[in-house]
Every structure is written in structure tokens, then in C-alpha cells.
Amino acid sequence: MHLTIFTPLLACIVFSWALAEDFSGPGQIRTLDVRENNQDLGCLTSKGKWTTVESLCGEFNAQRVGSNDEFRLSSTGGGSCGIDGVTFKCGIQSGIFGTWGTEGPVSGREVVRYGAYGLMEGSGNSPPDAKDEAVEIHFSTGNEGGKAVWLGWKAL
């Protein structure tokens, strides 16, 4: 008798969990180290800059478009987000981002890609120290000397 009551509830919880996606609805963009078990190294501000100060983390909204792996990003206070040359920025014309799904470079998590590119690196000291200003983040060439990161999602 108890199983009959909880079976629909359990099915609903499992179904809801299976439908959850990264980069959908409100969230934060987190910087995930390419090495060291994808350690969280901070977040992006509402202007799209990399910071390690949690109180400066921007709130973003991701809206899925087209295929399952494509979405647009905007930030509260920063406007539409896109790529300016090779730099991630908000307050510019919106771009269509994508993911490689959960089978991509960070096992079990979706990370941002733009076309075929996704590996990012900060300008200057990256990750920035908490006492430093947030730094721009751009596609990595491997020559900058900072940490290379993937951009992941933390739902809010």
C-alpha cells in the first residue's frame, strides 16, 4: 500500500532530474580548471569578466534555441552576451553558444562552446586574486601563462 503512494512521486522526481539541463534558465557561469579534477576557480561577472570574489558573480539567463545543444546568454545588468573577436563579453550583440553535452570535456557536465572552440583563459593574472580586479576571458592560445578553463553552469 505504501509503495503505491510513493511510486508516482518517485517517478516524478526521477523524470524531473533527467530533464534538468545546464545552460537553461537562471544561473552563474563558473570557471572550471582544465586539469585538477575541473576545480571551480571562480565565476564570471555580469560584464563577462573572470573573478574569484563570489559576491561579484553575475546572474545569467540561458535560453535554449534551435537544437538541444544551443542557447543564448544574457546577464542581469550586463545585457546580451557574445564573443567580441575572441573575448567573452556581455553588453554586446547576442551570440549563439552551444555545448558538447554531458559527454564533452568535463564528464557529466555541459560546458560552453562557440563553434568548435571552448577552452578559455584569462587576460593577465588568472585566476585573478581576490584583491585584483576581474579580468577579461578569451579563447585560449596556450601562450598566455594563466590557467585554462572551461565555462560551466551553476543553476540558481
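It should be noted that the structure appears before, not after, this text.
Not measured: the values here are computed from a predicted model.

(A) Structural view of the nonpolar core. Judged by nonpolar contacts, the single largest core of 22 residues is most densely connected at Ile29, Leu44, Leu73, Phe88, Ile137 and Leu151. Looking at this core, the elements that each hand over two or more residues are strand E2 (40-44), strand E4 (60-64), strand E5 (70-75), strand E6 (79-84), strand E7 (87-90), strand E10 (137-139) and strand E11 (148-155). The element best represented in this core is E11, accounting for three residues. Not counting residues up to four positions away in its chain, the partners in contact with leucine 44 are Ile29, Thr31, Lys49, Trp50, Cys57, Gly58, Phe60, Phe88, Ile137 and Leu151.

(B) How the structure looks around unusual backbone geometry. Here the residue pair serine 126 and proline 127 is connected by a cis peptide bond, since its omega of -5° sits within 30 degrees of zero. Tracing the sequence through the fold places proline 127 in the loop between strand E9 (120-122) and E10. Non-glycine residue phenylalanine 23 carries a positive phi angle of around 55°. In this structure, phenylalanine 23 sits in the loop between helix H1 (2-19) and strand E1 (25-33). The buried category is assigned to phenylalanine 23, whose relative accessible area is 0%. For asparagine 38, which is not a glycine, the phi torsion comes out positive at approximately 55°. Residue position: asparagine 38 is located in the loop between E1 and E2. Judged by relative accessible area, asparagine 38 falls into the partly exposed class, the value being 23%.

(C) Spotlight on the packing of aromatic side chains. Tallying each qualifying case throughout the model produces eight aromatic pairs. Measuring from centroid to centroid gives 6.1 Å for phenylalanine 71 and phenylalanine 97, while their planes differ by 25°, and the two rings are stacked. On the criterion of sequence distance, the pair formed by phenylalanine 71 in strand E5 and phenylalanine 97 in strand E8 (residues 96-98) is long-range, its members being 26 residues apart. For the pair phenylalanine 71 and phenylalanine 97, a shared accessibility class is recorded, and that class is buried. Seen in terms of ring centroids, tryptophan 100 and tryptophan 150 are 5.9 Å apart; in terms of plane orientation they differ by 80°. Their pairing is edge-to-face. Here tryptophan 150 lies in strand E11 and tryptophan 100 lies in the loop between E8 and E9, a separation of 50 residues in the sequence.

(D) Focus on the environment of alanine 130. Relative to the helices and strands, alanine 130 resides in the loop between E9 and E10. Residues alanine 130 and threonine 52, spaced 78 residues apart in sequence, show a C-alpha to C-alpha distance of 5.6 Å.

(E) A look at the pairing of E6. Bridge count between E5 and E6: two bridges; the pairing is antiparallel. Bridging from a neighbouring strand, serine 74 pairs with serine 80 of E6. Counted along the chain from E5 to the antiparallel partner E6, the turn is three residues long, and its residue glycine 77 has a positive phi close to 85°. Note that E6 and E7 share four bridges and pair antiparallel. Considered in E7, the bridge of aspartate 84 is made with threonine 87. Counting the residues that bridge the hairpin from E6 to E7 gives two residues, and of these glycine 85 lies at a positive phi of roughly 70°.

Cut-off values and rules
Residues numbered from 1 in each chain as written. Predicted model: local features only at pLDDT ≥ 70, side-chain atom pairs only at ≥ 80, totals over all residues. Heavy atoms only, no water. Core = buried A, V, L, I, M, F, W, Y, C linked by side-chain atoms within 4.5 Å. Buried < 20%, exposed > 50% of the residue type's maximum accessible area, 1.4 Å probe, protein only. Helix = DSSP H or I, 4+ residues; strand = E, 2+ residues; numbered from the N terminus. Contact = heavy atoms within 4.5 Å. Phe/Tyr/Trp six-rings, centres within 6.5 Å; stacked < 30°, edge-to-face > 60°. Pairing = 2+ DSSP bridges.

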